[in-house]
Amino acid sequence: MIKVNDLYVEYQVNKGFLGGKQTIHAVNGVNLEIKKGEILALAGESGCGKSTLAKAILQLEPIKSGEIISDTKGQMIFQNPYASLNPKMKIGEILREPLEINTDYSKQKITEIVKEKIKLVGLDENCLELYPHEFSGGQRQRIAIARALMLNPEFILADEPVSALDVSIQAQIINLLKELKENFGLTFLLITHDMSVIKYLADRTAVMYLGEIVEIGKTADIFANPLHPYTKALLGAVPQINKKDKKILLKGDLPSPADLPKGCKFHTRCPKVMEKCKTCHPDEIGSSHVVKCFLYNSVL
Ligand code: SF4
């Protein structure tokens, strides 16, 4: 459905007190395929380039080089359902808007579609006359999901869709996303730092570090047999992973994407670092389970 080849995205930011500009290397040579009907998760720490990559895939971010081949248009579900709904508009108006702008459907047809979508996300049509502030966080996220569905997209980018919600209602939204995928064959790119959410929802998982995908494979394989030291560190933070040999504690902060380390970008924090990691960049190894690390020097 979507193929990304050797993608680079960078942008300029102000240096602050020092004056002048600096270049942020947000996405650095990403190759990725998103298959129809799957949930592909992008995992990694805040600032690792997940959101920039996802926005570039939706053509919301200009690219420096590489290519994105896509036969579909996507919609986006944002992290914060408090900020993503216009507080001055009734829910019915919010949901009608995409159809009024993008189609020539009659008012009656738009009303029918709005009622259908609001039921689909588990809400009553009476809520169409209410304003966003009259709903809980979980209900607002359901409304945001309904809005994303209005134009029948095949592909949805969900950027940290539950991280702004109470833990007690996160599971409801996660289950709703799973139902939408299973019942309508929707394809999702799921961005999250929460490995528990990934384990439950995602068919495949890509782990990002400083704008690179360092490991990608089926979620079951990544959790059962993580290869990259960074993936092991991320999984070490998930309480249910208790095999001692897989626990790696992540030390130090993520280096600045304005000043990328040479060689393997993880070498400044890697407990397995070798001399060559400091100067040479590892290639991708493997086919269905792919890793970029010198610890693996043959096809997996
Ligand atoms: Fe660690 Fe070297 Fe592998 Fe990078 S290439 S993850 S520094 S062992």
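Further up the page is the structure itself.
What comes next concerns the included structure. For every chain, the first residue of the written sequence is number 1, and numbering continues from 1 onward in sequence order. Reporting in this predicted model follows two pLDDT cut-offs: at least 70 for local features of residues, and 80 or more for side-chain atom pairs to be given and counted; totals over whole chains, interfaces and linings ignore these cut-offs and use all residues. Hydrogen atoms and water are omitted, and side-chain values are computed over all heavy atoms in the structure.

### Overview of the pattern of salt bridges
Whenever Lys or Arg places a side-chain nitrogen within 4 Å of a carboxyl oxygen from Asp or Glu, that contact is recorded as a salt bridge. Summed over the entire model, instances satisfying the criterion amount to 13 salt bridges. Its salt-bridge partner being E125, residue K119 comes within 3.6 Å of it at the nearest N-O pair. The class for K119 is exposed, based on a relative accessible area of 52%. One connected set of salt bridges, linked through shared partners, spans K115, K119 and E125. With a 1.4 Å probe rolled over the protein chains alone, any residue whose accessible area is under 20% of its type maximum counts as buried; one over 50% counts as exposed, and the rest are partly exposed.

### With respect to helix α3 (residues 107–120)
Helix numbers and strand numbers start at the N terminus; a helix is a DSSP run of H or I with at least 4 residues, a strand a run of E with at least 2. Residue count minus one, scaled by 1.5 Å, sets the expected span of a helix. Here α3 is 14 residues long and its end C-alpha atoms lie 20 Å apart, about the 20 Å a rise of 1.5 Å per residue gives. Within α3, burial applies to I110, I113, V114, K117 and I118. For α3, the buried positions fall inside an angular range of 130 degrees around the axis, keeping them on one side. Of the residues in α3, the exposed ones pointing more than 90 degrees away from the buried face are Q108 and K119. G122 occupies a position one or two residues after α3 and carries a positive phi of about 85 degrees. Taken from the helix axis, the directions to the C-beta atoms give the arc we talk about.

### Quick notes on the sheet that holds strand β8 (residues 204–209)
At least two bridges found by DSSP between two strands is the condition for calling them paired. Read from one edge of the open sheet, eight strands run β5-β6-β7-β3-β8-β9-β11-β10, paired in mixed fashion. Either end of the sheet is taken by a strand with one partner, and the two such strands are β5 (74–77) and β10 (284–285). Where β5 meets strand β6 (residues 155–159), four bridges bridge the pair, whose relative direction is parallel. Residue M76 lies in a different strand from β6, and its bridge partner there is L157. Any two residues having at least one pair of non-hydrogen atoms within 4.5 Å are treated as being in contact. The convention used is that axes are lines fitted to C-alpha atoms, helices contributing only their stretch in contact, and that angles between N-to-C directions extend from 0 to 180 degrees. Across the face of the sheet, helix α1 (residues 50–57) comes into contact with β3 (39–43), β5, β6, β7 (187–191) and β8 while running at roughly 150 degrees to β7. Helix-sheet contacts for helix α8 (residues 229–236) involve β8 and β9 (212–218), and the interaxial angle to β8 is about 105 degrees.

### Re unusual backbone geometry
Of note, the phi angle at E160 is positive, near 45 degrees, even though the residue is not glycine. Phi at L210 is positive, roughly 45 degrees, even though this residue is not glycine. By relative accessible area, which is 1% here, L210 ends up buried.

### A word on the side chain of T219
Here T219 is to be found in helix α7 (residues 219–224). Setting aside its immediate chain neighbours within four residues, T219 contacts I198, K199, A202, D203, R204 and T205.

### Considering the site of the ligand
Here a residue counts as near a molecule or strand whenever at least one of its heavy atoms sits within 4 Å of it. In the vicinity of the ligand, the residues found are H228, P229, C264, F266, H267, C270, K272, C277, C293, F294 and L295. Looking at side-chain class alone, the shell around the ligand contains eight nonpolar, two polar and one charged residues. Three classes are used, and their members are as follows: Ala, Val, Leu, Ile, Met, Phe, Trp, Tyr, Cys and Pro are nonpolar, Asp, Glu, Lys and Arg are charged, and the others, Gly among them, are polar.

### A few points about the environment of T111
Here T111 lies in helix α3. Given the relative accessible area of 29%, T111 is considered partly exposed. As for T111 and I169, which are separated by 58 residues in sequence, their C-alpha atoms are 28 Å apart.

### Comments concerning the packing of helix α2 (residues 91–102) against helix α4 (residues 137–149)
Contact geometry of α2 with α4 gives a least axis separation of 8 Å together with a crossing angle of 25 degrees. Put simply, α2 runs roughly parallel to α4. Here α2 runs over α4; the crossing is right-handed. On the side of α2, the interface is formed by I91, I94, L95 and P98, while α4 contributes I143, A146 and R147. Small angles under 35 degrees read as roughly parallel and large ones over 145 as roughly antiparallel, with 65 to 115 read as roughly perpendicular and the rest as oblique. Should the near helix be turned anticlockwise from the far one by less than a right angle, the crossing is termed left-handed; should it be turned clockwise, right-handed.

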